[in-house]
Structures are given as structure tokens and as C-alpha cells.
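Geometric and topological summary
The primary structure of each chain is shown beneath.
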Amino acid sequence: MIADLGFATILIALCTSVFAVGAAWYGGRNHNQQWVESARNAVWITFPLTFLACSTLVYLIWTNDFSVQYVADVTSYDTPQYLKVTALWGGQQGSLLFWNLLLSLFTAASMRRNWHSERQLMPYVIAVSSMTQAFFLYISAFIENPFVRAASVAIDGAGLNPLLRHPGMIIHPPMLYLGFVGFTVPYSFAMAALISGKLDDSWIRTTRRWTLVAWLFLSLGLILGGRWAYDVLGWGGYWAWDPVENASFMPWLAGTAFLHSVMIQEKRGMFKTWNMFLVILTYLLVIFGTFIVRSGLVSSVHTFAQSNIGWYFFAFISAMIIFSAYWLIERQNMLRSKNHLESLLSREAAFLLNNFLILAILAATFLGVMFPVITELFGDKITVGEPYYEKVNGPLFAVLVLLMGVAPLTMWHKSVVEKLQRAIIAPIVIATITIVVLLALGIRNVMALIGVWCVLVSAELTLLEFWKAARARMTSRGENIFRALAQLFIRNQRRYGGYLIHLGVIVMAFGIIGLEFFQQQTQLRMTVGDTLTLGRYEMRFNGTRQYQGPDDLLINEADVDIFLGGHLVKSITPHINVYQRTGQPMTIPDLRSTPLEDFYVLLVNWESVTADSATVKVYLNPLVNWVWAGGIIFVIGTAIAAWPDPQEARVVATTRKFAVSTD
Amino acid sequence: MQALNLRFTHHILQITFLLVALFFTASVAFAQDIVTDDEVNEVAHGLFCPVCESEPLDTCPTQACIDWREEIRVQLSEGQTQEQIYAMFRARYGDRVLAEPPVDGINLILWFTIPVALIVGGYLFTRYLHGISKPTMVTQSTSATLGTTQTATTSDDEYVRRIEEELRNQ
């Protein structure tokens, strides 16, 4: 009964979405406000409807209604209550429904925020975003219906996948989904600008802001996912160039390219077609990423054929490509740029080089993801593992990081060569000296040294950028350094938020180089009292114990002491959790974490664990904490850049007033 | 059906490995070399078993992977090099077992598409940039050069002024 209500809500939401597409399109074409407003009301009602559908599903999970198949799949009587809420996105059907909720939330938010400021675009914004909404609601209603009844009512459910019972997994998926669905909004605005032909500066401002919001969430999702992998998956790393990871990394790359090249259009009115293309590409990669993960295409071509969902996605992506391409070509002459590139040594050219590098990384990643699929179609499937991505993308990232430091020194129109040289000579000298020192200290890894050099130069230039601007305020206004820095962020959120993001990337880059090139590991069978040495550390194994945990957990825990220079620095307890109902083991590492390095210990779960012996795998991970610290700086920078700017709002309000009075 | 097939293959693989492993273990039981887990893992890191999805052999807990690692241990103890072991696995199970696709055959597409695209793209890109950049007139460029020599000496001051002006305009 309750399940029927949930299903009915999905159906009604599907109807309102389809109506919104039609009404908005008709109203927009015929300049009929009544139809447009009716479409808006349909959008307004879609959000409560999807919310109701999700609430219904959560209620069914909460009350253990195992007559519904999805509930039986993701929960059980002994699942803790808070996990019953997160079980909403613990499986395919539920997470697609959740996706629908977030999409309708984003669409409603964009209606609320931009209804008056972007009035002329709104009919088509509604039409385009409702098209996406209708597609996903159709999938939820007819292909992946979470309310389907079970063939027979189970006595108890299967419980949530153990991997998903970690706090990181509770926050990570919603962030990632918010990032993904968020890109629908900038796409809708871009398409609305194309369709309506209102291709002035207004749409690009709105689109940029919404892209930044989606990008913030996607970045957060990626970072949290890395942290979750490091804490739970038990292989000593945070990123494996896994197809599923790549699927969410690709839209992030395209979004990053857009956020940079959009500045050329704002400042110089150039590359309008290119920016339009990047917005469209980002959106298509979001749908594509969802498609390859949901359909199982990345695992094997054969799983694709097993479910219908793949074909629906395939059809939808094709339709959206044709739709987008048609309007892009149709409006080509309106997208002509009035200005020309004046120099290859200009800010414009630097942004273009940035785009070129990012798109190369994107293409390499795309090829790496799709190559196994393509080869499987024609014969033997080929595995594309980490080494490929490291070899192809590594050098591209190094150049990109270097460019990130140098680009802010370039000027619009044309840079003065001598000035550029003067500005970069000192950082280059300092970085080179540092490399010589590192060589003298015995570090001989050439790739790592090149990487460190690039990151160092970029770091110095970025910090100098802050310093020069702060010093200018300090001398001219007598402010102290903290006030001066704070004022920079307040006065120009976009620029200094952006530079803070760069700083976050630099800090992360140091961490990535540390783990990538200097990770040490060893695996050993140990009995009570055994010690092993790794790096500067010594580790003593004190035996294991077994006990019953919460839920149906059986915990095998090892007791390990870590010594540094003969002194005990920390006792840790890496453990293996076995969920007895499913028999699925989880290897939970424990670690001693410092800014310099992590001493990371895990029990090898395929070897036996007895009271006095176990096989341990020990990693010494240099600079891993820099990755998380950089991630935090990155997110703060993005939040500053995306925060509504009161001054910009005032400018927009004024121009709107003028626009209204001249109408 | 697919899942069944997969499981069946998995079992066959397991049994084969077990037999092979048993055979080798017996034959080298008296070998003197003790191969450490680290040596095995180093080799295993470059391999993927055909059954497990995106999980390198050195961290994969499935029985098939345990057996493969045992086989690597046996081969190492017989004095085989990493290359020889990879070649053996490749000959037996195809390219898919290698984490890093070998640079031959169809894989050339994978390895060379991006570098070639970078070179060709880079060339076209610079040509395009040259094409769309507005040729500066001689007189302008002369005055620009003159201007730069003057500003170069006071560039820092000018930079500071620029920032101040930008901040004031905000």
C-alpha cells in the first residue's frame, strides 16, 4: 500500500516533468507567459513529489517492510537506524530515485534564484532541465523501480553492503550526486541561451556560478571518495584510476576547463562557441559517467546486455548530443567573437593552453576507460591499469601545475616578456637549488624530482601572488598582513578564491608525489613478539583477539606497537570485520598519521588470523596528509569563489533596472 | 547465465591453479630459496586475474588470486624473472592479465593516440592561434618595445598600482 503510494508519486512527478517540458517550450516559443508560469508550477511541484517518493522509500526501509525487494536488499532488522536513511542510496534503484530528488532540488533552486534575473531564458531552462528530470523519472518508474514487490517476503533482509557502512560512504555519494546533477543547471542555462538566442553576457555569468556550485560538490565528492578508499578499502592508497572513479573525474575535468576558459569570454568576448561546447561536454560526461557505471558497461560489455538500462541511457545520450549539436550549429553566427587574440604570450593564450592540457588528460582518461570495452567487442579484452594513466597523465599534470603558477602573471591582450622573465627567475632559481639539495640528500628519482620542481615553482609563484597583493594594501592603507589578506578575499572573491584553489592543488600535488614515488611497503607473517622495520619505524606484533561487534560483526583485531628511535609512539589495532550473515570481510587499517608520513598497517584478509599470529601488510605513505590538507584548502577556496558576491549582485540589479526601464 | 558461466570458469581456474600449484610446490619443496611475500607482491602488482574487477593481484583476496600468487612464488623460487613470469601469464591468459598493456598489436592505439594527438593537436593549435592573432603593426610594436624598456625598470611599482586600481574598482 505504502509502496504503491511511492510508485504513484514517481508517476505523477514524471507527468509533471513531461508537462513542464511541453508547457515551457510552447510558452517560450509563443511568448505566452501563462504557459511558462504553468511550467514553473509543474517544476515547483516536482520537488515535493520526488521528496515524497524518497520519504516513502526511507519509511519502508525504516519499518523493515521486506515485501519490497529493494528494502530486503539493502537493510535488515539489526541495521542501525541512521544507516536506514543512508540505505536510500545503498543500491541502484534507490540511488537513482535519490538522484531524481537532488535534480529536482537543483532545478527548483535555480528557478528561485534566477527567475527574475534571467526571465527570458527561463522557459528553456525549465524545458531542458525537465527533459533530464523526465528521463531519470522514467528510468525510476519503469526500469529501476525501487518499489517492486519481492517474489516472496524474506524473514530478514540482506543488510547494507558492509563497504557502505562507513561514515565516509554516508557523505560521499550525496556529494558526488549533487556534483553530478548540479551540472544539469549550467547546461540548461547554456542551452536556453542558445535556443532563445539571448547570447549576451548574462547567461555566462549565471552558468559560471552554477558550474562553480556543482564543481564544488563534485570536488568534495571526489576527495571524500579518496579518503573513504584510504580508510576502508585497505590497499594503502586513495585513487586507483578505477573506471568508476574515472567516470566522475571526467566531468570534473571538463568543468574545470570551462571555469577557466569562461574568463576569456567574460573579459574579452572571445571563444563563445568553445565555452558552449565545454558546458555541453560536461553535462554529456555526467550522463555518460552515470551510463557506464549504472549499466555495468565498464565491467563488461556482457553486463550491459543484461539490463535494459544501458540502451535507454544510450538513446538519451544520443538524443542530447543531437539536440545540443543542432542548436550549437544553428546559433553559430551569433557566437562569433568580436575580438582577436593579440599575442601568444597573453592571459587568453594561457587559458587556452590550460584547456588544451585538461582536454588531453580527459581524452587519455576516456580512452583508458573505453579501451577495454572496445577491445572486448573485437576479441580479447585488455586491462588498462594504473601504469597507463600514470605514464600518460602524469607528465600532462606536471605541465598543468607549472602553467597554474605562471599563468596568473600573464596579462590580458599581451604580456611584456621582460616582466614575465623577471617575475619567474627567482622562483626558478630557488626551486632548482632545492632540487640540488634533494639530490645531495640522496633522492635520485628523476621523475619525482621533475615533479617536485614543477610544483615548487608553481607554489612560489602562487604565494608571491598573494604576497604582492597583500603588500600593496599594507603599504597603501597601513593594514597589517592578516587584514590585508582578508581584504583581498573580500574585495575579489573570485580571483583570490581561485588562487586559494591553486594553492590547494599544489599542496595536494606534494602529497601525490610523496605517495606515488616514495611509498614503501612490506608484507610479513608475524607471531607474538615479532618485530619488523620499515623506514625509520619499528613495529612489534603483540597478538590478536576476536570479539563480537555491533550488528552481526565478528571482529578480528591485531594489537601492534609502533616504535620510533626505540620509543613507543603509538599502539594501533588494525582489524578484519566479518559480517557474519553475508560472510563478507572488510579490512580496516589502522595507522599512525603525521604531517610527514603515515605508518599504515592492515591485516591480510586471505591469510588465517590466529590468537598469536597473523599476516600484516605495512605501508609507509609519505605526505598523505598533504592530500587531505590540500583538499580542504581547495574546498574552502571554491566556497569563497562561489559565494554570492554582494557587489556583483548590485551590478546585476542595476543593469536589470536599466533594462526594465528601457523596455 | 552469464554469472553462472563466470562462476564455472572461476571454479575451473581455481582447480587448475590448485593442481598446478600443488605440482610445483611438490617439485620445488626442497629448493633452498625462500621467496618473501614482498617479492611475490612486487610481481603480482603488475597483474590482474581475469575474474576480479579492477583489483590488482597483490591486494585481491579471492581464492583464484591466492593461487596465482602461490604460482608466482614457485616460479620466483625457480629463478624466473619478473619478465618471464609476465610472459608466461600472458601466453596462457592473454593480454588482459597485464596491468600495463604491452606496447604492441592493438594496444598501439591506446599508447599512441594521445601522444600523436598532442603533437598534431599542438601543431594545429599554435597554427590556429597564429591565425587568429591580429598582426600588430610595425609602428605599434616599436612603441610597445620602447614602452617595455621603460616600464621594466619600474615594473614592480606598476604591478602594485595595477592591483590597487583593480581592488579599488571592485
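Fair warning: this is a prediction, and the values are worked out from it, not measured in the lab.

Definitions and cut-offs
- Residues numbered from 1 in each chain as written.
- Chains lettered and ligands numbered in written order.
- Predicted model: local features only at pLDDT ≥ 70, side-chain atom pairs only at ≥ 80, totals over all residues.
- Heavy atoms only, no water.
- Helix = DSSP H or I, 4+ residues; strand = E, 2+ residues; numbered from the N terminus.
- Buried < 20%, exposed > 50% of the residue type's maximum accessible area, 1.4 Å probe, protein only.
- Contact = heavy atoms within 4.5 Å.
- Areas by Shrake-Rupley, 256 points an atom, 1.4 Å probe, with all protein chains shown as cover.
- pLDDT = per-residue confidence, 0-100.
- Phe/Tyr/Trp six-rings, centres within 6.5 Å; stacked < 30°, edge-to-face > 60°.
- Lys NZ or Arg CZ within 6 Å of the ring centre and 35° of its normal.
- Buried area = accessible area lost by both parts, 1.4 Å probe.
- Salt bridge = Lys/Arg side-chain N within 4 Å of Asp/Glu carboxyl O.
- Polar contact = N/O pair within 3.5 Å; in protein donor to acceptor, adjacent residues only side chain to side chain.
- Nonpolar A, V, L, I, M, F, W, Y, C, P; charged D, E, K, R; others polar.
- Core = buried A, V, L, I, M, F, W, Y, C linked by side-chain atoms within 4.5 Å.
- Pairing = 2+ DSSP bridges.
- Axes fitted to C-alpha atoms, helices over the stretch in contact; angles between N-to-C directions.
- Parallel < 35°, antiparallel > 145°, perpendicular 65-115°, else oblique.
- Left-handed = near helix turned anticlockwise from the far one by under 90°.
- Disulfide = S-S within 2.5 Å.

To continue, consider the overall build of chain A. When helices and strands are counted, chain A shows 21 helices and ten strands. Counting all 663 residues of chain A, 59% fall into the buried class. A separation of at least 24 residues holds for 72% of the contacts in chain A among residues at least 6 apart in sequence. Carbon and sulfur atoms form 65% of the exposed surface of chain A, whose accessible area is close to 26,500 Å².

This next bit is on the overall build of chain B. When you go through chain B residue by residue, the secondary structure sums to seven helices and zero strands. The helix and strand sequence of chain B, counted from the amino end, reads α-α-α-α-α-α-α. Per-residue burial for chain B yields a buried fraction of 36% across its 170 residues. If you sum the accessible surface of chain B, you get close to 10,200 Å²; carbon and sulfur atoms cover 64% of it.

Model confidence for chain A is summarised by a mean pLDDT of 90, while 96% of its residues fall at 70 or above. Across residues 659–663 of chain A, where pLDDT falls below 50, the model places zero contacts with residues more than four positions away in sequence or in other chains.

So, on to the packing of aromatic side chains. Residue and element names in this part refer to chain A. Counted by the stated rule, this structure contains 52 aromatic pairs over all chains. Plain terms: the ring middles of Y230 and Y600 are 4.8 Å apart, the flat faces sit at 45° to each other, and that makes the pair tilted. On the criterion of sequence distance, the pair formed by Y230 in helix 9 (residues 201–233) and Y600 in strand 9 (residues 597–603) is long-range, its members being 370 residues apart. Under the relative-accessibility criterion, Y230 is labelled buried at 1%. Over the ring of W115 we find R40; its NZ or CZ atom is 4.4 Å from the centre of that ring.

Moving on, we come to the interface of chain A and chain B. Accessible area lost upon the coming together of the parts is a frequently used measure of interface size. Facing 61 residues of chain A, the contacting portion of chain B comprises 51 residues. With both sides pooled, the region where chain A packs onto chain B buries about 5,000 Å², and carbon together with sulfur makes up 63% of that total. It is A:F356, A:T383 and A:W606 in chain A that bury the most area against chain B; as a group they hold 13% of the surface buried on that side. Counting across the interface, chain A meets chain B through one salt bridge. Close ionic contact of B:E100 with A:K391 constitutes a salt bridge, the shortest N to O distance being 2.5 Å. Linking chain A to chain B there are eight residue pairs in polar contact (both at pLDDT 80 or more). Along the lines of polarity and charge, the residues of the side of chain A that touches chain B split into 29 nonpolar, 16 polar and 16 charged.

With that settled, the discussion passes to the side chain of A:T107. All names here are of chain A. Looking at the secondary structure, you find T107 in helix 5 (residues 92–114). According to the relative accessible area criterion, T107 is buried, its value standing at 5%. Sequence-distant contacts of T107, defined by excluding residues within four places in its chain, comprise V43, S129 and Q133.

In this structure, A:Y187, A:M191, A:M276 and A:Y388 are the most contacted members of the largest nonpolar core, which totals 151 residues. Those residues in contact with A:Y388 that lie beyond four places of it in its chain are A:A364, A:L367, A:G368, B:L110, B:W111 and B:I114. Counting 20 residues, the second-largest nonpolar core is a separate cluster that includes A:L420, A:V455, A:A459 and A:F510.

Next up on the list: the confidence of the model for chain B. Fine structural detail should not be taken from predicted coordinates in areas where pLDDT scores are low. All names here are of chain B. Taken residue by residue, chain B gives an average pLDDT of 73. The fraction at 70 or more is 58%. Segment residues 28–32 is flagged for pLDDT under 50; beyond a separation of four residues in sequence, or across chains, it makes three contacts in the model. The low-confidence segment residues 136–155 (pLDDT under 50) makes seven contacts with residues lying over four places distant or belonging to another chain. Scoring the predicted complex yields pTM 0.89 and, for the interface, ipTM 0.82.

All names here are of chain A. Sheet topology places strand 4 (residues 553–564) next to strand 5 (residues 567–572); five bridges connect them, and they run antiparallel. For F563, the partnering residue across the bridge sits in strand 5 and is L568. Here strand 4 folds back onto strand 5 in antiparallel fashion, the turn holding two residues, of which G565 has a positive phi close to 60°.

All names here are of chain A. At a minimum axis distance of 8 Å, the contact between helix 1 (residues 2–29) and helix 2 (residues 33–62) shows a crossing angle of 160°. The pairing of helix 1 with helix 2 is recorded here as roughly antiparallel in orientation. As for the relative orientation of helix 1 and helix 2, their crossing is left-handed in sense. Looking at the contact of helix 1 with helix 2 residue by residue, the class counts come to 22 nonpolar, ten polar and no charged.

Residue and element names in this part refer to chain A. One non-glycine residue with positive phi stands out, namely N64, at about 55°. A positive phi is found at H413, a non-glycine position, where the angle reads about 70°. Tracing the backbone through its elements, the reader meets H413 in the loop between helix 15 (386–406) and helix 16 (417–440). With relative accessibility at 34%, the residue H413 sits in the partly exposed group.

Now for the sheet that holds strand 10 (residues 613–622) of chain A. All names here are of chain A. The strand order across the open sheet formed by four strands is 1-10-9-8, and the pairing between neighbours is antiparallel. Sheet topology places strand 1 (520–527) and strand 8 (590–593) at the edges, where each strand pairs with a single neighbour. If you compare each strand with its neighbour and ignore which way they point, the axes differ by 20° on average. Across the sheet, helix 19 (residues 493–518) is in contact with strand 1 and strand 10; its angle to strand 10 comes to roughly 130°.

All right, on to the state of the cysteines then. One pass over the structure, following the stated rule, counts zero disulfides over all chains. Left without a disulfide partner, A:C54 is nearest to the cysteine sulfur of A:C15, which lies 18 Å away.

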